[in-house]
Amino acid sequence: MLASRAIAILVVAALGAACTTVAADPAGPRTVEIRMRHSGFEPSTIQAEAGETLRFVIVNADPIDHEFIVGDDAVQDLHERGTESFHPPRPGEVTVLAGQIVRTTYAFGGEDLLFGCHVPGHYAYGMSGVILVG
């Protein structure tokens, strides 16, 4: 009986330790609103800290569809040549239909990144921006 009680206490203690979580920022990720207007991004430059997660609220004020893709040059090149016409929601990649508001989050490492729209012709037109990390 004493042994089974000791085992139960150890199991409960182990479960409690396994369930312990690191305290998160009570405010959650910082929110940055991006407005798509006249096939451009406002703002076109964003500041983030290494290790920070940003919550992007993307407002498409244009009467046409756009997308919001976060990544380095290689990611932007891949999407510029890609054939994915609709992006299911995933971190840093969303389709934003005309008049729609969407949200996405992205966790930043230590390098500056770009964001852009790769609807045909939009990136070449200048629909891009930079995220300065540091």
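This structure is a prediction, so every number in the text was calculated from the model and none was measured.

J.: Describe the environment of threonine 95, naming the residues involved and giving the relevant values.
T.: Here threonine 95 is to be found in strand β6 (residues 93–96). In sequence terms threonine 95 and isoleucine 69 are 26 residues apart; their C-alpha atoms lie 8.7 Å from each other.

J.: Just give me the short version of the sheet that holds strand β9 (residues 128–133), but keep the residues and values in it.
T.: The strands that make up a sheet are held in pairs by hydrogen bonds between backbone atoms, and each pair lies either parallel or antiparallel. Taken together, the 5 strands give an open sheet; going across it, the order is β3-β9-β8-β5-β6, and neighbouring strands pair in mixed fashion. Among the strands making up the open sheet, the edge pair consists of β3 (45–48) and β6. Averaged over all adjacent pairs, the angle separating strand axes in this sheet is 20°, with direction ignored. As judged from the 4 bridges shared by strand β5 (residues 66–71) and β6, these two strands associate in the antiparallel manner. Bridging from a neighbouring strand, glutamate 67 pairs with threonine 95 of β6.

J.: Residue-level account of the environment of threonine 104, with values.
T.: With respect to the helices and strands, threonine 104 occurs in strand β7 (residues 101–107). C-alpha separation for the pair threonine 104 and isoleucine 58, spaced 46 residues apart in sequence, amounts to 8.2 Å. Beyond its immediate sequence surroundings of up to four residues, threonine 104 is in contact with Leu54, Arg55, Phe56, Ile58, Phe68, Arg90, Pro91, Gly92, Glu93 and Val94.

J.: Provide a residue-level description of the packing of aromatic side chains, including the pertinent values.
T.: All chains considered together, the criterion is met by 6 aromatic pairs. With 6.1 Å between their ring centres and 75° between their planes, phenylalanine 41 and phenylalanine 68 make a pair best called edge-to-face. Placement of phenylalanine 41 in strand β2 (residues 40–42) and of phenylalanine 68 in strand β5 is noted, with a sequence separation of 27 residues between them. The two residues phenylalanine 41 and phenylalanine 68 agree in class, both being buried. Ring geometry for phenylalanine 68 and phenylalanine 115: centres 5.5 Å apart, planes at 40°, overall tilted. Residue phenylalanine 68 is found in strand β5, and its partner phenylalanine 115 is found in strand β8 (residues 113–116); the two are separated by 47 residues along the sequence. As far as the burial class goes, phenylalanine 68 and phenylalanine 115 line up, both buried. Through a chain of ring-to-ring contacts, the aromatic side chains of Phe41, Phe56, Phe68, Tyr106, Phe108 and Phe115 assemble into a single cluster.

Here is what the cut-offs are and how they apply
- Residues numbered from 1 in each chain as written.
- Predicted model: local features only at pLDDT ≥ 70, side-chain atom pairs only at ≥ 80, totals over all residues.
- Heavy atoms only, no water.
- Helix = DSSP H or I, 4+ residues; strand = E, 2+ residues; numbered from the N terminus.
- Pairing = 2+ DSSP bridges.
- Axes fitted to C-alpha atoms, helices over the stretch in contact; angles between N-to-C directions.
- Contact = heavy atoms within 4.5 Å.
- Phe/Tyr/Trp six-rings, centres within 6.5 Å; stacked < 30°, edge-to-face > 60°.
- Buried < 20%, exposed > 50% of the residue type's maximum accessible area, 1.4 Å probe, protein only.

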